[in-house]
Amino acid sequence: MPLRYLFVDMNAYFASVEQHDHPEWRNRPLVVVPVEARTSSCIAVNYLAKARGVRVGSPVWEAEKLCPGVVCAPARPERYVEIHKEIVRAVGRCIPVTKVMSIDEMACSLLGAEREPAKAEDIARSIKAELRHSLGEVLTCSIGVGPNVMLAKIAGDMKKPDGLTVIRPEELPDRLYPLKITDFPGIGPRMEKRFHRYGVTTTRELLQLKESALARVWGSRVHAERWFHLLQGEDVPDLPTRRRTVGHSHVLPPAQRTPDGSRAVMVRLIHKACARLRSIGYWAGAMAIGLRFTEGVKWHTARQLPHCQDTLQWLLAFGEMWDERPTDAGPPLQVWMTLTDLKPAEAATPSLIPQERQATALSHAMDAINRKFGKHAVRFGGISGAEGAAPMRIPFNHIPKINPATN
Ligand SMILES: [Mg+2]
């Protein structure tokens, strides 16, 4: 098995961009925050602040307590995208970039002689030199080389900042044993708990699992199979997006064949589809909605959004789309909606806009509450405009008392 990929991962990217642009902030602990408020949380943390115990997600007041004098830089998403483009161009001058994985990560295929470890390391060093030359000293990267993208990424994570690590196929699996199981892409806190329930707490135990056992833990044979082969160092193509759409339609009962009634049902269908989207781990890039009227008229419209999976954004888009419907076509009979252009979560880049990220987190929190307390325990109320609709007076009237801060 050859070394097929080189993976570039920028170190503490947002924080580094801020220090790149603000020389006076260099060599100081720094966090990036969504808004200049002490109640918000850090979305990026540089290494000096990390060394003092500050983490991504730490509240700003806590960062200031752990690290007096820490610089709190307000996030500038547009700037991060601008520099991202420069980085991709700089890497591309050394080796073609096969796939941009996220704002600060990209994978490059190694071909022919490039697969020799010494040659791959040369390329990695040339990338570092090119980044230094075109963007200066502050924006460093860790580079990993491995037999597939996942292992190259894991190699890159082994040394930060400014690392260069090669995982050779013949070093598998031993080279992976010192890792925590959460160091593997795809094993977050929730999946870690599942592994624990199956008695798997170390990477050694993880790597000894048979494919069938892995499928049981994972809850998905397709994902487990792919992962199993990746861990062996095989190159497995990305999972195809088998699922193309998530959608629902509903024939309106007579009482709901009104503008408010049909709107209320549509809002409910959007809530349902978005929850489904999140539960299967997909992000959608477009939504179509449609209406059929009792007189036979049909109408539909569609919108594209940057890929997202939170209910709020699709509801906001829906609000605009709904205004385009014909108002002289008689009573509505049926409503339908579909989310399309789906991407698996691992292929989607989370939004750079902090508010959008919070909205996604909020949607996931709502899912958790709804799983625990019943389907309709919480949903978005006022923004939907459906609050006047008779069949849907749900909004926030029976939200269980939950205080996430103390839970
Ligand atoms: Mg990074």
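Residues numbered from 1 in each chain as written. Predicted model: local features only at pLDDT ≥ 70, side-chain atom pairs only at ≥ 80, totals over all residues. Heavy atoms only, no water.

Description of the overall build of the protein chain
The cut-off we apply is this: Labels follow the DSSP assignment, with helices taken as runs of H or I lasting at least four residues and strands as runs of E lasting at least two, numbered in each case from the N terminus. The rule is simple: take the accessible area with a 1.4 Å probe, protein chains only, and divide by the maximum for that residue type; under 20% is buried, over 50% is exposed, in between is partly exposed. Contacts are assigned to residue pairs that have any heavy atoms within 4.5 Å of one another. The accessible surface values rely on the Shrake-Rupley method and a 1.4 Å probe; as for residues, cover is taken only from the protein chains in view.
Scanning the protein chain for helices and strands turns up 13 helices and 13 strands. In the protein chain, which comprises 407 residues, the proportion classed as buried is 46%. Across the protein chain, contacts joining residues at least 24 apart in sequence account for 62% of those joining residues at least 6 apart. Accessible surface for the protein chain amounts to roughly 20100 Å². Of this, 53% is attributable to carbon and sulfur atoms.

Looking at unusual backbone geometry
With an omega of -10 degrees, the peptide bond between K160 and P161 qualifies as cis. Tracing the chain through its elements places P161 in the loop between helix 6 (149-158) and strand 8 (164-166). With an omega of 0 degrees, the peptide bond running from L172 to P173 counts as cis. Summarising the element assignment, P173 is placed in the loop between strand 8 and helix 7 (189-197). Positive phi, close to 60 degrees, is recorded for N27, a residue that is not glycine. Examined against the element boundaries, N27 turns out to sit in the loop between helix 1 (13-21) and strand 2 (30-33). In this model, D341 sits at a positive phi of 55 degrees, which is unusual for a non-glycine residue. Inspection of the secondary structure assignment puts D341 in the loop between strand 12 (332-340) and strand 13 (343-344).

Some thoughts on the coordination of the magnesium ion
We apply this condition: A 2.8 Å cut-off from the metal defines N, O and S donors, relaxed to 3.2 Å for Na, K and Ca; water is not in the atom list, so some sites may appear incomplete.
Protein coordination at the magnesium ion comes from D9 (OD), M10 (O) and D104 (OD), with a distance range of 2.1 to 2.4 Å. All donors of the magnesium ion come from a single chain, and their spacing in sequence reads D-M-x93-D. Of this pair, M10 sits in strand 1 (residues 5-10) while D104 sits in the loop between strand 5 (99-102) and strand 6 (105-109), and the two are 94 residues apart along the sequence. As far as burial versus exposure is concerned, M10 and D104 are alike and both buried.

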